[in-house]
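# Working through the structure, step by step
Below are the chains, spelled out letter by letter.
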Amino acid sequence: MTTRRDFLKISTAVGGGLSLGISFSTVEAQKGAPEINAWVVVQPDDRVIIRYARSEMGQGSMTSAAQLVAEELECDWSKVRVEYADTNAQVLRKRAWGDMAAVGSRTIRQSQQYLRTAGATARIMLVTAAAKGWGVPEGECSAANNVITHGPSGRKTSFGKVAAAAAKLEAPREVKLKDAKDWKVIGKPIQRVDIPATVMGQQRYGIDAQVPGMVYAAVAQCPVFGGKVKSFDGSKVAKRRGVLQVVPLEDFVAVVADNWWRAKEALRQLPVVWDYGPAATVSSEGILQQLRAGLDAQSEVVTAKKQGDAAQAMSGAAKVIEAEYFTPYLAHATLEPQGATALIKDGRVDVWTSTQNAEGTHATAAAVAGVPLENVFVHRMQLGGGFGRRGAQDYTRQAVLVAKAMPGTPVKVLWTREEDTQHDFYRPISLVRFKAGLDASGMPVAWQSRVAAPSIIATLLKLPLKEGIDPQAVASFADQPYTIPNVNIEYAQRNPHVPVGFWRTVGHSQNPYMRECFIDELASAAGKDPYEYRLSLLPASSKERSILEATAKAANWGSALPAGVHRGIATTEAYGSYTSVVAELSVSAVGVVDIKRLVLGVDPGYAVNPDNIVAQMQGSAVFMLTAMFWGEITVKEGRVEQSNFHDQRMMRLREMPRVEVVLAPTGGFWGGIGEPGQASIAPAICNAIFAASGKRVRSLPLTKQGFELA
Amino acid sequence: MKRRAFLATVVGLPLVAQAQSRDEYFSSFNPDALAKSVTGGVAARRGRVKLELPLLADNGNSVPVKIAVQSPMTPADHVRSIRLLSERNPEREMAVFHLGPRAGVAEISSRVRLAGSQRVVALAEMSGGSWWMETADVVVTLSACIDGTG
């Protein structure tokens, strides 16, 4: 067994040596490099360390968050290194880094003010230290590219030389941040700091954690959600080669062995008797019936938005259009399956894992192990995909529970793909009924929607809903941008036993699809061009309108297309940003959809890293095309039917259409980027499919509706 | 580290940003006023009550809580009830524990559900009619792809 001292050496080597972003902030501090503040460390050789508190999972925020600090710091970007803020230091230092969760497309939106302030504060302290050293007024000194210059005398010094003195100064209480027009680092397509390690195969994901003396655990949870372990006979596998222990816990069984394959195979042979609980007979058909009943129910329905009198306006309408839309449960299907490595020794807990919320991982480890927060160390590994799945701490809880049964031994819990697919927190299933009344000119005078869907906030977070409304369930309906005088939006919360959670873009992954397709149905009924129809309903000042116009222009909306090629369009707000998509495609007689191009416009307010935004939009297209063509989780006998990529297909490289990103930032606000890109894709494609085939797609996935991707 | 020191900034934004202090965060929350709504207007004094909650919780579904009240627990001088109040839960009064001298010690250990980061108030009602209180803050680190919670 390793001693704690050895262990520390090992774990810092694991963290520090391998890649950017996996080193310990506390280690740097021990080396004596002056920390100007929690976010900025300047080394004597002029290298600058900028700390990053949230998680990097390919969304690029580690780079763009550092750009915000660097902008105000006036440092030389080529000398910047980004590293994770440490959760243990976070606890000891009074939560100096604020929120550590990388969720809700909010890294930039929620931290931009304090990150820019941190950069400015550090710069002022460095300049002040230099001015004091020279005995000149600090107002005569300025900083640029790590160099501080005294204007009148032309004397120069560097950040590294004055850092030690600056670290001793008191932070200025008020700082003035730059005007957007003066930005030099924000808005630049700076290369992502995490990419070199990724493309060189040096990135270390949670699954790659290696700790000396480590053993491996395979876990099985009850296949029926809500079920428990009834009994099992551990002796059946105890003598198998390499098997060390069988750990029964209330809701799962873990087999621990000297390597993971042996653990997994032993688990496969282990006769576990489950108590399936009351959900053992539930099927997708039953769940759909439950939602359908919600559409017609007179009770347990709340009004999410009421404007004017939709019922009365409907009765006086020249034409009434009705439609029902459906979206299925979806799994996150991160390439890296869930898992975590944990060690409990001498009252200290170490966890190595990929998490979207390192602080939540820290809290979970402390609570499950029963140790004080100060005794927990979370070693943050790169995430092999997050998409909302890795905000949950279920796998960390399991790793710590198994480690608790084997004190002193590091245990790596790793799920199989099958376990991962069948024990997710799924994107909610949703059934929505729309009804609109058009006046004689074809314009909508009344709009009614009723959403029958589970509530993530009520069932996963178990938070109280304000007036019974889950904002995610009615997102983009209750706050739709179109000028329609009479609107009534209802929400029938129906919670089947399938656990739901935050799947990238959440409510905006499904509701804009429905809304923007239904708007298209109205335009079609009115005999109007879907782009012009939307424009006539969008106020001149709306951001949806400006991004719609920019996207339509870039796509040459209205221009002639080759025979058989048709266009579809959509627009929406999501996570504080605005997107529009124009899809161009053809549909063959047998339903093969050949997407010629997607023009994806986005207005994120300020564009911190344009290159990353383009990449996020392209990645969003991959993710959403996969979901809309093949994505579906179905339930039989209480359990998920899909298990691996053979029955839960991903889009392949050759199937990827051309994506042209129209980055049209209008400034003045900070929108999200990780999630908004998905929101307008499905409706634009489905509207183009209608234009090409005359068939409305009111239910996803497309492969269930007779369509294939070319 | 002292709990108080940790709590001083735990609920605000990072220090460097000169962000919200704890007082600002809780500016709309007055534990004394909340206590008075339960005590029938009697001001509760600080002390005698010890309230333990984790400083950080991954979620608010089941947060362990311990309350201990200094009292001889005799027929003449004992704790009559212990109440747990929440700043943010829809039910402000989360729990009432009735005690008597036969309880021996005035200690409660339980779990509560919390609707997000907040301050929790523990109140003890003594047989002599006096009220005592203690508060504790807990940060719930919600991993939610939404705005406006947590």
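The structure this text deals with has already been given above.
All of these numbers come straight from a predicted model, not from anything done at the bench.

### Points about the overall build of chain B
The helix and strand tally for chain B stands at 3 helices and 9 strands. Shown N-terminal to C-terminal, the secondary structure of chain B runs as helices and strands in the order α-α-α-β-β-β-β-β-β-β-β-β. Long-range contacts, defined here as pairs at least 24 residues apart, represent 61% of the contacts in chain B between residues at least 6 apart. Carbon and sulfur atoms make up 48% of the accessible area of chain B, which totals about 6900 Å².

### As for the sheet that holds strand β16 (residues 348–353) of chain A
Residues and elements named next belong to chain A. Read from one edge of the open sheet, 7 strands run β10-β11-β8-β18-β15-β16-β17, paired in mixed fashion. The two strands at the open ends of the sheet, each matched to only one other strand, are β10 (243–249) and β17 (376–380). Shown here is a sheet whose adjacent strand axes are inclined to one another by a mean of 20 degrees, direction ignored. Looking at chain direction, strand β8 (residues 215–221) and strand β11 (residues 252–257) are connected through 6 bridges and run antiparallel. From the neighbouring strand, Ala218 faces β11, where its bridge partner is Val255. Along the sheet, helix α9 (residues 260–269) contacts β8, β10, β11 and β18 (411–414); its crossing angle with β8, the most-contacted strand, is approximately 30 degrees. Most of the contacts of helix α12 (residues 358–369) go to β17, to which it runs at about 140 degrees, and overall it touches β15 (339–345), β16 and β17.

### Quick look at the interface of chain B and chain A
Taken together, the 30 residues of chain B in the interface contact 44 residues of chain A. Carbon and sulfur atoms supply 63% of the area that chain B and chain A bury against each other, a total of about 3000 Å² over both sides. Where chain B meets chain A, there are 0 salt bridges. Across the contact surface, chain B and chain A share 2 residue pairs in polar contact (both at pLDDT 80 or more). Looking at the side of chain B that touches chain A, the elements with two or more residues in it are α1 (3–10) and β3 (56–57) of chain B. Per element, the largest residue contribution to the side of chain B that touches chain A is 4 residues, and it comes from α1 of chain B. Here the side of chain B that touches chain A is composed, by residue class, of 20 nonpolar, 7 polar and 3 charged.

### So, the environment of Gly347 of chain A
All names here are of chain A. For Gly347, the position within the fold is in the loop between β15 and β16. Residue class for Gly347 comes out partly exposed when judged on its relative accessible area of 34%. The sequence separation of Gly347 and Pro454 amounts to 107 residues, and the corresponding C-alpha distance is 41 Å. For Gly347, the residues in contact, after removing those within four places along its chain, are Val371 and Asn375.

### Regarding empty space enclosed by the protein
Residues and elements named next belong to chain A. Throughout the structure, instances matching the rule amount to 8 cavities of 30 Å³ or more. Empty space within the second largest cavity amounts to approximately 70 Å³. Around the second largest cavity sit 13 residues that line it, and Pro428, Pro454, Gln472, Ala473 and Gln510 are the ones nearest its centre. Across the lining of the second largest cavity, the residue classes tally to 6 nonpolar, 6 polar and 1 charged.

### Quick word on the packing of aromatic side chains
Residue and element names in this part refer to chain A. Under the defined criterion, the tally for this structure stands at 18 aromatic pairs over all chains. Between Trp183 and Tyr606, the aromatic rings sit 4.9 Å apart at their centres with planes inclined by 70 degrees, giving edge-to-face as the arrangement. Within this pair, whereas Trp183 is found in the loop between α6 (159–167) and α7 (195–199), its partner Tyr606 is found in the loop between β24 (592–603) and α19 (610–630), the two being separated by 423 residues in sequence. Judged by its relative accessible area of 13%, Trp183 falls in the buried class. Overall, the relative accessible area of 23% leaves Tyr606 in the partly exposed class. Here the aromatic residues Tyr325, Phe434, Trp447, Phe477, Tyr513 and Phe518 are joined through ring pairs into a cluster of three or more. A cation over an aromatic ring shows up here: Arg427 above the ring of Trp503, its NZ or CZ 5.6 Å from the ring centre. The positively charged end of Arg504 is found above the aromatic ring belonging to Phe623, 5.2 Å away from the centroid.

About the cut-offs
- Residues numbered from 1 in each chain as written.
- Chains lettered and ligands numbered in written order.
- Predicted model: local features only at pLDDT ≥ 70, side-chain atom pairs only at ≥ 80, totals over all residues.
- Heavy atoms only, no water.
- Helix = DSSP H or I, 4+ residues; strand = E, 2+ residues; numbered from the N terminus.
- Contact = heavy atoms within 4.5 Å.
- Areas by Shrake-Rupley, 256 points an atom, 1.4 Å probe, with all protein chains shown as cover.
- Pairing = 2+ DSSP bridges.
- Axes fitted to C-alpha atoms, helices over the stretch in contact; angles between N-to-C directions.
- Buried area = accessible area lost by both parts, 1.4 Å probe.
- Salt bridge = Lys/Arg side-chain N within 4 Å of Asp/Glu carboxyl O.
- Polar contact = N/O pair within 3.5 Å; in protein donor to acceptor, adjacent residues only side chain to side chain.
- Nonpolar A, V, L, I, M, F, W, Y, C, P; charged D, E, K, R; others polar.
- Buried < 20%, exposed > 50% of the residue type's maximum accessible area, 1.4 Å probe, protein only.
- 1 Å grid on protein atoms, 1.4 Å probe; cavity = no way out; pocket = protein on both sides within 12 Å on 5 of 7 lines; lining within 4 Å.
- Points joined across faces, edges and corners; volume = space filled by probe spheres on them.
- Phe/Tyr/Trp six-rings, centres within 6.5 Å; stacked < 30°, edge-to-face > 60°.
- Lys NZ or Arg CZ within 6 Å of the ring centre and 35° of its normal.

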